[in-house]
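So the chains spell out like this:
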Number of protein chains: 4
Amino acid sequence: MYLIGVIGSQKASEKAKSIAYEVGKLIALNNFVLVCGGLDGVMEAASKGAFDHGGLTVGILPDKDKKNANPYIKIPIASGMGYARNFCIVQSADCLIAIEGSYGTLNEISAALNLQKTVIGLECSWNIEGMKFANSPQEAIELAKKFIFS
Amino acid sequence: MYLIGVIGSQKASEKAKSIAYEVGKLIALNNFVLVCGGLDGVMEAASKGAFDHGGLTVGILPDKDKKNANPYIKIPIASGMGYARNFCIVQSADCLIAIEGSYGTLNEISAALNLQKTVIGLECSWNIEGMKFANSPQEAIELAKKFIFS
Amino acid sequence: MYLIGVIGSQKASEKAKSIAYEVGKLIALNNFVLVCGGLDGVMEAASKGAFDHGGLTVGILPDKDKKNANPYIKIPIASGMGYARNFCIVQSADCLIAIEGSYGTLNEISAALNLQKTVIGLECSWNIEGMKFANSPQEAIELAKKFIFS
Amino acid sequence: MYLIGVIGSQKASEKAKSIAYEVGKLIALNNFVLVCGGLDGVMEAASKGAFDHGGLTVGILPDKDKKNANPYIKIPIASGMGYARNFCIVQSADCLIAIEGSYGTLNEISAALNLQKTVIGLECSWNIEGMKFANSPQEAIELAKKFIFS
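Just so it is clear, the structure is predicted and the values come from calculations on it, not from any experiment.

Trainee: Could you clarify how one ought to interpret the overall build of chain A in this entry?
Mentor: Across its full length, chain A carries 5 helices and 7 strands. Secondary structure elements of chain A occur, N-terminal to C-terminal, as β-α-β-α-β-β-α-β-α-β-β-α. The C-alpha atoms of chain A give a radius of gyration of 13 Å, which matches the 15 Å a tight globule of 150 residues would have. In terms of overall dimensions, chain A has C-alpha extents of about 35 × 30 × 30 Å along its principal axes. Split into buried and exposed, the 150 residues of chain A put 63% on the buried side. Residue pairs at least 24 apart in sequence account for 55% of intrachain contacts in chain A once pairs closer than 6 positions are excluded. Summed over all atoms, the accessible surface of chain A reaches about 5400 Å², with 47% contributed by carbon and sulfur.

Listed below in structure tokens is the structure:
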């Protein structure tokens, strides 16, 4: 099973959440596992998109318990390591899709690029050298598939 | 979905591996998710037991990449935090079953008891105040179900 | 500079705190750096012992900020990784002295023994195979010096 | 004691190392503790600057042992959590100075800004909204003092 990480704002715009939902849906329909930080905003919208379409969702939480996981997380991982859990998400994902995002997302993008992982920006707030970009959820998933299977 | 953690020796006896396989099988047949450290010995045997019976297996690895996961791990989490990943396993599990085990297992048992999680020993090398004990894989799963659903 | 780790109960008895103070004092007088979890109980008493005698004290805290460090910690490290910070203490210490202690201390003892670090019990609640034992703070420091310099 | 974090390239230019040495020197002469990642490049140069001027240097290493610490680290912390140790550095520092730097440094900058910590760029490769900037080591330290003591 391949894992696609979805990273992005906890306080996300409606547009970002709508895009994230579509991304999550496509992750599920393409038989990938969605991995994310397990909280709200982009994370929750993507989780719901995958959940609603029968996908498996893994949320790696900052807390030491699972109670703050959004309701669409099937497998909550209670890391207890705070936002250093960003590294667990990035290291576990085979490819990442970044939607909107603030400093936390930049933290994940930089961790991923440092590990030479593919990061696909989609309406992403950040444009860091080394990222790839897509114009739609469909294009993002196609890019992800290309990187994972090549 | 409820997660049952299986902890135990990396260098396990044949008996421990046989017991771990049965535990993994029962975890799958009872629709629990198995979470473990993702490596070999008790972890691999339990993962195989669950895998062979259609179960979902999560391995939280010490490394920053996934290549050392045993082949029965469906969802590898590359924690990159070394053996401190023991805390992720314990915090994520709703209940733990400890089989045989050396210092690493003792580390997980103590972390779990500190969080007031249920730890069920099964042919376990350690007998720490606060642990519960079972005489068979079947009894261990029955105990786990009792603690999770009560 | 060599680091001696002092581990033990957060809710410590008066006796344990008195012993911890002496241990901290001897750590300072022998020009070692004290490393501990930075909180109260045995940790605070040992830190005060070292602090009062001009020693350097490092507290590796579970929190992501430094505000809960006891007042005798000169160098607070805000790990943000919860009790998984036990591993940072153990890995950083050249030798450990365990005083009284509950499950958290057992967690540190097992992590240390797993790394083949010397753990010296002093009025310690736990007696785990592989530990060494001392009958007084003076004897504990002498043992620590022997292990560090041999 | 206040801690100033110095972050920057492991593979640093001669210019960056020269600047880092001056920054380390000023950290020591102003009685701050230097905290860094403990490895080479900017980290080593800053550590040497502080070390040569009697300063205290703390290196929070990615490894689980201390052997890769640069020779100017007086207090090595073996985090064992890989590059997630970036969070320990950022959370422990009262203010950060970023010199040159690649993705790893960007990771630390974003973690710091997310925690609303002051990050002062000095010949820094990154210009992220929220950072402050200085034109010389002297100016960087003056800015750091202003932020720490205001």
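The structure having been displayed, the exposition proceeds.
Trainee: Help me out: how do you make sense of helix α5 (residues 137-149) of chain D in this one?
Mentor: Two residues of an α-helix separated by three or four positions point the same way, owing to the 3.6 residues in each turn. Residues and elements named next belong to chain D. In this model α5 runs 18 Å from its N-terminal to its C-terminal C-alpha over 13 residues, within 8% of the 18 Å that 1.5 Å per residue would give. All of the buried residues in α5 are Pro137, Ala140, Ile141, Leu143, Ala144 and Ile148. Projected down its long axis, α5 shows its buried positions confined to an angular sector of 160 degrees, all on one face. Seen from the open side of α5, the exposed residues pointing more than 90 degrees away from its buried face are Lys146 and Phe149.

Trainee: Can you walk me through the packing of aromatic side chains in this structure?
Mentor: Residues and elements named next belong to chain A. A complete count under the given rule lists 18 aromatic pairs over all chains for this structure. Taking 5.4 Å as the distance between ring centres and 85 degrees as the angle between the ring planes, the aromatic pair formed by Tyr2 and Phe149 counts as edge-to-face. Of the two residues, Tyr2 is situated in the segment before β1 (3-8) and Phe149 in helix α5 (residues 137-149); the sequence distance between them amounts to 147 residues. For Tyr2, a relative accessible area of 38% translates into the label partly exposed. Counting every residue linked through ring pairs, the aromatic cluster contains Tyr2, Phe32 and Phe149.

Trainee: What is the right way to look at the interface of chain A and chain B in this model?
Mentor: Much of the literature gives interface size as the accessible area that the parts lose upon coming together. Counting from both sides, the interface comprises 23 residues of chain A and, opposite them, 23 residues of chain B. Around 1700 Å² of area is buried between chain A and chain B when both sides are counted, 66% of it from carbon and sulfur atoms. Of all residues in chain A, A:Lys66, A:Ile77 and A:Gln91 give up the largest surface area on contact with chain B, accounting jointly for 28% of the area buried on that side. At the surface where chain A touches chain B, the tally comes to 2 salt bridges. One salt bridge in this structure joins A:Lys66 and B:Asp94, with 3.0 Å as the shortest N-O distance. Our count for the chain A to chain B interface comes out at 6 residue pairs in polar contact (both at pLDDT 80 or more). At the level of elements, β3 (57-61), β4 (75-78) and α3 (85-92) of chain A are the ones that each hand at least two residues to the side of chain A that touches chain B. The residue inventory of the side of chain A that touches chain B, partitioned by class, reads 15 nonpolar, 4 polar and 4 charged.

Trainee: Would you take a moment to explain the relation of the copies chain A and chain B for this structure?
Mentor: Comparison of the two chain copies shows a relationship of rotation about an axis with a shift along it. Mapping chain A onto chain B calls for a rotation angle of 180 degrees and an axial translation of 0.0 Å; the resulting RMSD is 0.0 Å. Such a turn and shift between the copies fits a two-fold axis. A shared interface surface links the copies, since 100% of the contact residues of chain A are contact residues in chain B too.

Trainee: Looking at this model, I keep getting lost on the interface of chain D and chain A. Mind explaining?
Mentor: On the side of chain A, 17 residues touch chain D, which itself brings 17 residues to the contact. Surface buried jointly by chain D and chain A totals about 1400 Å² across both partners, of which 69% is contributed by carbon and sulfur atoms. Applying the counting criterion to the chain D and chain A interface returns 0 salt bridges. On the surface where chain D and chain A come into contact, there are 5 residue pairs in polar contact (both at pLDDT 80 or more). Per-element accounting of the side of chain D that touches chain A gives the leading share, 8 residues, to helix α4 (residues 103-114) of chain D. A per-class count over the side of chain D that touches chain A returns 10 nonpolar, 6 polar and 1 charged.

Definitions and cut-offs
Residues numbered from 1 in each chain as written. Chains lettered and ligands numbered in written order. Predicted model: local features only at pLDDT ≥ 70, side-chain atom pairs only at ≥ 80, totals over all residues. Heavy atoms only, no water. Helix = DSSP H or I, 4+ residues; strand = E, 2+ residues; numbered from the N terminus. Rg over C-alpha atoms; globule rule 2.2 N^0.38 Å. Buried < 20%, exposed > 50% of the residue type's maximum accessible area, 1.4 Å probe, protein only. Contact = heavy atoms within 4.5 Å. Areas by Shrake-Rupley, 256 points an atom, 1.4 Å probe, with all protein chains shown as cover. Expected span 1.5 Å × (residues − 1). Arc of directions from axis to C-beta. Phe/Tyr/Trp six-rings, centres within 6.5 Å; stacked < 30°, edge-to-face > 60°. Buried area = accessible area lost by both parts, 1.4 Å probe. Salt bridge = Lys/Arg side-chain N within 4 Å of Asp/Glu carboxyl O. Polar contact = N/O pair within 3.5 Å; in protein donor to acceptor, adjacent residues only side chain to side chain. Nonpolar A, V, L, I, M, F, W, Y, C, P; charged D, E, K, R; others polar. Least-squares fit on C-alpha atoms with pLDDT ≥ 70 in both.

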